[in-house]
Amino acid sequence: MSLLTLSNVAKRFDNGTEALAGLSFHVAEGEFVSLLGPSGCGKSTALRLIAGLIAPDSGAIAWAGPRPELGFVFQEPTLMPWADALTNARLPLDLKNMSRAEADGRTQAALARMGLKDFARAYPRELSGGMKMRVSIARALAAGPKLLLMDEPFAALDEPTREALNDDLLRLAREDRITVIFVTHSVMEASYLSDRVLVMSPRPGRIKSEITLPPGARDRLSISFSEGLRRVTSALQEAA
Amino acid sequence: MTRLLNILLPLALGLSLLMAWEGIVAARHIPPYVLPAPSAIAHALANNFSTLLLSLLSTLTVTLEGFAAAWIAGVGTAIAFSQSRMLERTLYPYAVVLQVTPVVAIAPLILIWVGFDHINAALALIAALVAFFPILSNTTLGLKSADFNLVDLMRLYGASRWQILWRLRLPTALPHLLGAMKIAGGLSLIGAVVAEFVAGSGTATGLAWRIVEAGNRLEIATMFAALLLLGLLGIAIFAAFSLLEWALLHRWHESALKQQI
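Computed from a predicted structure; not experimentally measured.

Procedures and definitions
- Residues numbered from 1 in each chain as written.
- Chains lettered and ligands numbered in written order.
- Predicted model: local features only at pLDDT ≥ 70, side-chain atom pairs only at ≥ 80, totals over all residues.
- Heavy atoms only, no water.
- Phe/Tyr/Trp six-rings, centres within 6.5 Å; stacked < 30°, edge-to-face > 60°.
- Helix = DSSP H or I, 4+ residues; strand = E, 2+ residues; numbered from the N terminus.
- Buried < 20%, exposed > 50% of the residue type's maximum accessible area, 1.4 Å probe, protein only.
- Lys NZ or Arg CZ within 6 Å of the ring centre and 35° of its normal.
- Axes fitted to C-alpha atoms, helices over the stretch in contact; angles between N-to-C directions.
- Parallel < 35°, antiparallel > 145°, perpendicular 65-115°, else oblique.
- Left-handed = near helix turned anticlockwise from the far one by under 90°.
- Nonpolar A, V, L, I, M, F, W, Y, C, P; charged D, E, K, R; others polar.
- Pairing = 2+ DSSP bridges.
- Contact = heavy atoms within 4.5 Å.
- Buried area = accessible area lost by both parts, 1.4 Å probe.
- Salt bridge = Lys/Arg side-chain N within 4 Å of Asp/Glu carboxyl O.
- Polar contact = N/O pair within 3.5 Å; in protein donor to acceptor, adjacent residues only side chain to side chain.

Enquirer: Help me understand the packing of aromatic side chains in this model?
Expert: Centre distance and the angle of the planes are the two values used to describe a pair of aromatic rings. Residue and element names in this part refer to chain A. Going through the model one piece at a time under the given rule, you end up with ten aromatic pairs over all chains. Ring geometry for Tyr192 versus Phe225: centroids 6.0 Å apart, planes at 85°, classification edge-to-face. Highlighted residues: Tyr192 in helix H7 (residues 187–193) and Phe225 in helix H8 (residues 223–239), separated in sequence by 33 residues. By relative accessible area, Tyr192 is classed as buried at 7%. Three or more aromatic residues joined by ring pairs make a cluster, and in this case those are Phe32, Phe154 and Phe182. When the ring centre of Tyr192 is taken as origin, the NZ or CZ atom of Arg220, which lies over that ring, is 3.8 Å away.

Here you go:
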């Protein structure tokens, strides 16, 4: 069942740049969908439209039922430098005025799931880039989202850190049955993580092609993974 | 070792300069009404200590009152600006006018309006006028420097304007505000001194007035003693705000961190 449907969404910025034109796609509940495309193709704009941070000029963004609880992860960890990991990750719950005890419990659990059990009292400056990103994801998880929007979250990380975070993300999304819309410009990442890859064209962005990947493709050494990788790569080349 | 040198080197320089000063004054028989020797200044300080101390307290009170008023007005206005772009557009030019008008020029007006009966209030107001702008302008900049993505994230989680202000904008502005407070602390002292000069004798009782009075009597050593106390007061104010800055920022802010290589 479709959780979210975008139909003919267009967005032009104040400076006249046409970011998106005729963007249409749907996302099913529990699905992991990647938006893949070159820089400046409007991937991030699409994510911000879905989050409701900006409004489309035309077209519609329709939810099946009320809008679900959202989580958002940016390319940068986007943490408050004056607050420790626990306080940072607790932000969504604090904003909902949840009691401190309950919020702390839920946040501690989210940090533990991201492997940060012993770093709750660490300040961002004391953490590595990968750990900061883990705090950022724990913050998104603490709110108990049904839909996670991720804007190139691992682009700035080194390869081993990125692969570890990819695996953790997949596990958590599966355990919590979270739907994920994942923006990336990495073919590797999109092919590894996704049930479905939506390849976008350069500006103004729209969906050029759609590749459904087989469920068994999540072994980086498997034949089916390299086959998926090949299909995504050629789709991206055609879109450019 | 480095820390010891940081203290010893300036101290050694200061002491040798004082000794040279003392030596030159004695060797050339420079009269005390032109340039008193450091020993004469020390005497003047000791002889007039209670009077000078009372004056010091008076100037300190005016400075702190002026600073507190500037802080409340500056931070309050900056918060109002951060909530309403329209208000900022309307008022900011007037804040600039206030800043660029030399306070010496408006001090006599203020003294007349507030009245010599409330001389300390008038002095504090002048001190506040001098200290107001750095607080306003730095805090305004700080409140605007909040991470756009964090603002978006907070909006996504349904944060109110008040929550964004309290949880994000104010902490972001804190280093800017603390920097401004160090400047404004010194400026309110300058404002207080200027105000006392303008107010003249008979009303004000602060250190600046002691300087004017001692100058009229050609008691140059007492002038220097008062000047010394003013300098120490300025240093104490700066040190206090530096300490506050360290206390509030050292856990997290780049400025307070040692570079890790």
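From this point, the discussion proceeds with the structure in view.
Enquirer: Mind showing me how you'd approach the packing of helix H6 (residues 119–144) of chain B against helix H8 (residues 161–199) of chain B here?
Expert: Between two packed helices, what matters for the description is the angle formed by their axes and the separation of those axes. Residues and elements named next belong to chain B. Between H6 and H8, the shortest axis-to-axis distance is 6 Å and the interhelical angle comes to 150°. Judged by the inter-axis angle, H6 sits roughly antiparallel to H8. The handedness of the crossing between H6 and H8 comes out as right-handed. For the contact of H6 with H8, a count of residues per class yields 21 nonpolar, seven polar and three charged.

Enquirer: Help me understand the sheet that holds strand S2 (residues 18–28) of chain A in this model?
Expert: Residue and element names in this part refer to chain A. The three strands are arranged S2-S1-S4 in an open sheet whose pairing can be described as antiparallel. Bordering the open sheet on either side are S2 and strand S4 (58–63), each of which pairs with just one other strand. Neighbouring strand axes in the sheet, compared pairwise and without regard to direction, differ in orientation by 10° on average. Judged from the seven bridges that link them, strand S1 (residues 2–12) and S2 form a sheet pairing that is antiparallel. Within the sheet, the bridge partner assigned to Leu4 lies in S2 and is Val27. Across the sheet, helix H1 (residues 43–51) touches S1, S2 and S4, and the angle it forms with S2 is around 60°.

Enquirer: Sorry if this is basic, but what is going on with the interface of chain B and chain A here?
Expert: Between chain B and chain A, the residue contacts involve 19 residues of the former and 27 residues of the latter. For the pair chain B and chain A, the summed buried area comes to about 2200 Å², and 63% of that belongs to carbon and sulfur atoms. Of all residues in chain B, B:Leu156, B:Tyr157 and B:Trp252 bury the most surface against chain A, accounting for 33% of the area lost on that side. The interface formed by chain B and chain A holds three salt bridges in total. In this structure, B:Arg167 and A:Asp94 form a salt bridge, with 3.7 Å as the shortest nitrogen-oxygen distance. Between the two partners, chain B and chain A, sit four residue pairs in polar contact (both at pLDDT 80 or more). Listed by contribution, the elements that provide at least two residues to the side of chain B that touches chain A are helix H7 (148–156) and H8 of chain B. It is H7(B) that contributes the most residues to the side of chain B that touches chain A, seven residues altogether. Its residues assigned to classes, the side of chain B that touches chain A comprises ten nonpolar, four polar and five charged.

Enquirer: How should I be thinking about the sheet that holds strand S5 (residues 70–73) of chain A in this particular structure?
Expert: Sheet strands line up and pair through hydrogen bonds in the backbone, either parallel or antiparallel. Residues and elements named next belong to chain A. Spatial ordering of the open sheet is given by S5-S6-S7-S3-S8-S9, a layout of six strands whose pairing is mixed. The outermost strands of the open sheet, each flanked by one partner alone, are S5 and strand S9 (207–212). Geometrically, the sheet is characterised by an average inter-axis angle of 15° between neighbouring strands, direction not taken into account. Sheet topology places strand S8 (residues 196–200) next to S9; five bridges connect them, and they run antiparallel. Bridge pairing links Arg196 to Thr212 in S9.

Enquirer: Got a minute to help me understand the side chain of B:Glu88 in this structure?
Expert: Residue and element names in this part refer to chain B. Relative to the elements of secondary structure, Glu88 occurs in helix H4 (residues 85–100). Of note is the side chain of Glu88, whose polar atom sits 2.9 Å from the side chain of Lys144. For Glu88, the residues in contact, after removing those within four places along its chain, are Phe81, Pro93, Thr140 and Lys144.

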